[in-house]
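One letter stands for each residue in the lines below.
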Amino acid sequence: MLKGSCVSLEVFFLTLLFAIPVAMPVAMGRMSKNKVLSFITNVFLLVIRGTPLMLQLLVVYFGPGLFIRWLNDIGYDVTFRWNRFAAAIIALSINYAAYFAEIYRGGIESIPKGQYEACKVLGYTRGQTFFTIILPQVIKRIVPAMGNEVITLVKDTALVSVIGVSELLMIAKERQGALFSFWPLFIAGVFYFFMNWVVSVVFRQLEKKLSYYN
């Protein structure tokens, strides 16, 4: 159970590590004035947000193997071995990057255009305007929505068991079957509850620290 908890924590933190930064360029592509880039980003977001995360995990894990098999069938000698844990991190990171990107976009577009115009009059460059004036306000506005998504991520780590990653819930089910006891599932539930409580406290404190923008 302890080992499964560590795996769940690894999935959680690695997903955040990759999804949070990747979401920003996705959001920028979504808001881009380049119609081709905006269209491609919109299609990407529609596909990711419109299909179940479990299906995405299966596609990321089994898809490359099917593609390699097709290459071997047409005469190419290619070998490939996919790691279950890596596939889980990639699938979760892509999924959450799409959701975070929409949160970023909503935060950026909520800033009045007058602030951009004021910065331009004051001689700020685009980079200075975004990073010193706009971004701090965006962070303050998106904290509640980001907190909701991170809480959801804690629970979604259980889905990686569908591709055979031995995380907490998978091990709890195995122990339940072996011991004929409900306690392993109860312990797993306590773990998820505790993790979400920690996440809630962290985001609550973050909101308080950013309250000077009120």
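No experiment lies behind these values; they were computed from the predicted model shown.

Some thoughts on the overall build of the protein chain
Next up, step 1: Across its full length, the protein chain carries eight helices and zero strands.
Next up, step 2: Order of helices (α) and strands (β) in the protein chain, N terminus to C terminus: α-α-α-α-α-α-α-α.
Next up, step 3: Referenced to the eigenvectors of the C-alpha coordinate spread, the extents of the protein chain come out at roughly 70 × 50 × 25 Å.
Next up, step 4: The proportion of buried residues among the 214 residues of the protein chain is 36%.
Next up, step 5: Long-range pairs, those at least 24 residues apart, make up 76% of the contacts in the protein chain with a sequence separation of at least 6.
Next up, step 6: Summed over its atoms, the accessible surface of the protein chain is roughly 13100 Å², and 68% of this surface lies on carbon and sulfur atoms.
Next up, step 7: Of the side chains in the protein chain, 20 bear a positive and 11 a negative charge, and the two mean positions are spaced by 7 Å.

Quick word on a nonpolar patch on the surface
Next up, step 1: Together, Val36, Phe39, Ile40, Val43 and Val47 give the surface a local cluster of nonpolar side chains, amounting to about 470 Å² of exposed area.
Next up, step 2: Mapped onto the secondary structure, Val47 falls in helix H2 (residues 35-50).

Describing the nonpolar core
Next up, step 1: Among the nonpolar cores identified, the biggest contains 50 residues, and Phe12 and Phe100 are the most heavily contacted of them.
Next up, step 2: Mapped onto this core, the elements with two or more residues apiece are helix H1 (2-31), H2, helix H3 (53-73), helix H4 (84-109), helix H6 (126-156), helix H7 (168-179) and helix H8 (183-209).
Next up, step 3: By residue number, the principal contributor to this core is H4, which donates 13 residues.
Next up, step 4: Excluding anything up to four places from it in sequence, Phe12 contacts Val150, Leu153, Val154, Thr157, Met195 and Val199.

Quick word on the pattern of salt bridges
Next up, step 1: Taken as a whole, this structure holds four salt bridges when the rule is applied.
Next up, step 2: Arg49 is the partner of Glu102 in a salt bridge, and the nearest nitrogen-oxygen pair spans 3.3 Å. Residue Glu102 is located in helix H4, and its partner Arg49 is located in helix H2; the two are separated by 53 residues in the primary sequence.
Next up, step 3: One salt bridge connects Glu102 with Arg105, and the closest N-O pair in it is separated by 3.1 Å. You can see Glu102 and its partner Arg105 sitting in helix H4, three residues apart, about one turn around the helix.
Next up, step 4: The structure contains a network of salt bridges with shared partners spanning Arg30, Arg49, Glu102, Arg105 and Glu109.

Concerning the packing of aromatic side chains
When we look at a pair of aromatic rings, we describe it by the centre distance and by the angle of the planes.
Next up, step 1: Per the counting criterion, the structure on display carries seven aromatic pairs.
Next up, step 2: A ring pair is formed by Phe12 and Phe13, whose centres lie 5.0 Å apart and whose planes are at 75 degrees; its orientation type is edge-to-face.
Next up, step 3: Aromatic side chains Tyr61 and Phe62 sit 4.8 Å apart centroid to centroid with 75 degrees between the ring planes, which places their arrangement in the edge-to-face category.
Next up, step 4: A relative accessible area of 14% means that Tyr61 is categorised as buried.
Next up, step 5: Given the relative accessible area of 45%, Phe62 is considered partly exposed.

Some thoughts on the packing of H1 against H2
The packing of two helices is summarised by the inter-axis angle and the distance between the axes.
Next up, step 1: At their nearest, the axes of H1 and H2 sit 7 Å apart, and the two run at 125 degrees to each other. As judged from the angle between their axes, H1 and H2 are oblique. Every pair of crossing elements has a handedness; the one defined by H1 and H2 is left-handed. Where H1 approaches H2, its residues Val26, Gly29 and Arg30 are matched on the opposing element by Leu37, Ser38, Thr41, Asn42, Phe44 and Leu45.

Conventions and cut-offs
Residues numbered from 1 in each chain as written. Predicted model: local features only at pLDDT ≥ 70, side-chain atom pairs only at ≥ 80, totals over all residues. Heavy atoms only, no water. Helix = DSSP H or I, 4+ residues; strand = E, 2+ residues; numbered from the N terminus. Buried < 20%, exposed > 50% of the residue type's maximum accessible area, 1.4 Å probe, protein only. Contact = heavy atoms within 4.5 Å. Areas by Shrake-Rupley, 256 points an atom, 1.4 Å probe, with all protein chains shown as cover. Lys, Arg positive; Asp, Glu negative; His and termini not counted. Charge placed at Lys NZ, Arg CZ, Asp CG, Glu CD. Patch = residues over 30% accessible without salt bridge, like charges linked within 9 Å, V, L, I, M, F, W, Y side chains within 5 Å. Salt bridge = Lys/Arg side-chain N within 4 Å of Asp/Glu carboxyl O. Core = buried A, V, L, I, M, F, W, Y, C linked by side-chain atoms within 4.5 Å. Phe/Tyr/Trp six-rings, centres within 6.5 Å; stacked < 30°, edge-to-face > 60°. Axes fitted to C-alpha atoms, helices over the stretch in contact; angles between N-to-C directions. Parallel < 35°, antiparallel > 145°, perpendicular 65-115°, else oblique. Left-handed = near helix turned anticlockwise from the far one by under 90°.

Bear in mind that shape data such as this cannot, by itself, settle questions of function.
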